[in-house]
Amino acid sequence: MPREITAYSNPLIKRVRSLREKRNRREEGLFLAEGLRILTEAREAGRIPQYLFYARDSAAHPLVRTLVAAVEGAGGEAIETVPDILSKLSGKDNPQAVVGVFAEFTRTLDSLDRAASPIWLVAERLRDPGNLGTILRTGDAVGAGGLILIGECVDPFSVEAVRASMGALFTVPVVQCDWDPFLAWLRSGPGQLVGLSLDTSTDYRAASYGAPTFLLTGNEAQGMPDDYAAACDTLVKIPMLGKADSLNAAVATAVMAYQVLDQVRR
């Protein structure tokens, strides 16, 4: 049976609100996700929040009722509250109807099956949570096997990244690792490493992509280091016909992913 919390001073509200900071997420091993669509995507992917907060006036919504039943069935706790508290939890003036508290989940390179998909996404020192979320959405759209984050990337469990992923965090496997272990794992089996670079004359439409293809996108401001580029089997370039010298990292990843998908489908 859901309980009700309407006081800002409640210890659980303070604890959950603290999860907006990375240090507290790491200590607790928990993160926040908000919105009916995202939490429904999570439930359908088998991820059930430990805590579910929902607005009193949305209690009768069928998706909210389904989430409440799923949380309580999994041994979690459903909590009815007010919009002001949901706003405090999410950090938004116009909060979504629901906020969930999930246990962080991580994968390792060895847990990945590279035969699961012909397309894999790799991002190096990605710093913008919006880019990370958008790349996850692209991965979901093209059926990518996963997203591998190399080096000091933005936290995929930040409120901003989770929000930008629109639920794809729960459907696309994510691995965080350093470059050397990734490269050793990649070379231990089949796989073509394709890097997006301005320092090549090879048009992305002219290259051949073998399955599985690992698409490597570098840091938004600096691109990828020279030794990373040298390790790629192929470097490709997306032509720029205007005054800008490069595309946004997430946009470039999406363009490349669909090019690989087009070759695979043909």
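The structure presented is a predicted model; accordingly, all values stated were derived computationally and were not measured.

Enquirer: Please provide a residue-by-residue account of the pattern of salt bridges, values included.
Expert: Inspection of the entire model under this criterion finds 14 salt bridges. The closest approach of N and O atoms between Glu4 and Arg56, which form a salt bridge, is 3.0 Å. Of this pair, Glu4 sits in strand 1 (residues 3-4) while Arg56 sits in the loop between strand 3 (51-55) and helix 4 (62-73), and the two are 52 residues apart along the sequence. The class of Arg56 is partly exposed, set by a relative accessible area of 43%. Where Arg25 meets Asp155, a salt bridge forms, and the shortest distance between an N and an O atom there is 2.7 Å. Of this pair, Arg25 sits in helix 2 (residues 22-28) while Asp155 is found in the loop between strand 7 (147-150) and helix 7 (159-165), placing the two residues 130 residues apart along the sequence. A relative accessible area of 3% places Arg25 in the buried class. We classify Asp155 as buried; its relative accessible area is 4%.

Enquirer: Residues and numbers for the state of the cysteines, please.
Expert: By the definition in use, this model includes 0 disulfides. Here Cys153 stays free of any disulfide, with the sulfur of Cys177 as its closest cysteine sulfur at 9.2 Å. Judged by relative accessible area, Cys153 falls into the buried class, the value being 8%. On the accessibility criterion, Cys177 (15% relative accessible area) is buried.

Enquirer: Now, about the environment of Lys14: what can you tell me, with residues and values included?
Expert: Position of Lys14 relative to the elements: it lies in helix 1 (residues 11-17). Lys14 gets classed as exposed once you look at its relative accessible area, which sits at 53%. Dropping the residues within four chain positions of it, Lys14 is found in contact with Tyr8 and Ser9.

Enquirer: Please provide a residue-by-residue account of the environment of Gly100, values included.
Expert: Along the chain, Gly100 turns up in strand 5 (residues 98-103). You can call Gly100 buried: its relative accessible area is 0%. Distance from Gly100 to Leu89, taken between C-alpha atoms, is 9.8 Å for residues 11 residues apart in sequence. Sequence-distant contacts of Gly100, defined by excluding residues within four places in its chain, comprise Phe31, Leu32, Ala33, Leu39, Pro49 and Tyr51.

Enquirer: Go over the packing of aromatic side chains, please, and point to the residues and values.
Expert: According to the stated counting rule, one finds 13 aromatic pairs in the structure shown. With a centroid separation of 5.5 Å and 85° between ring planes, the pair formed by Phe105 and Phe157 is classed as edge-to-face. Here Phe105, found in the loop between strand 5 and strand 6 (119-124), pairs with Phe157, found in the loop between strand 7 and helix 7; they are 52 residues apart in sequence, far enough to count as distant. Accessibility classification places Phe105 together with Phe157 in one group, the buried group. Ring plane angle 65° and centroid distance 6.5 Å describe the contact between Phe182 and Phe214, whose orientation is recorded as edge-to-face. Of this pair, Phe182 sits in helix 8 (residues 179-187) while Phe214 sits in strand 10 (residues 213-217), and the two are 32 residues apart along the sequence. Comparing Phe182 with Phe214, the two get one shared label, buried. Counting every residue linked through ring pairs, the aromatic cluster contains Trp120, Trp179, Phe182, Trp185, Phe214 and Tyr228. It is Lys88 that lies over the ring of Tyr8; its NZ or CZ is 5.7 Å from the centre. The ring of Trp185 has Arg114 sitting right over it, with the charged end atom 4.2 Å from the ring centre.

What counts, and where the lines are drawn
Residues numbered from 1 in each chain as written. Predicted model: local features only at pLDDT ≥ 70, side-chain atom pairs only at ≥ 80, totals over all residues. Heavy atoms only, no water. Salt bridge = Lys/Arg side-chain N within 4 Å of Asp/Glu carboxyl O. Helix = DSSP H or I, 4+ residues; strand = E, 2+ residues; numbered from the N terminus. Buried < 20%, exposed > 50% of the residue type's maximum accessible area, 1.4 Å probe, protein only. Disulfide = S-S within 2.5 Å. Contact = heavy atoms within 4.5 Å. Phe/Tyr/Trp six-rings, centres within 6.5 Å; stacked < 30°, edge-to-face > 60°. Lys NZ or Arg CZ within 6 Å of the ring centre and 35° of its normal.

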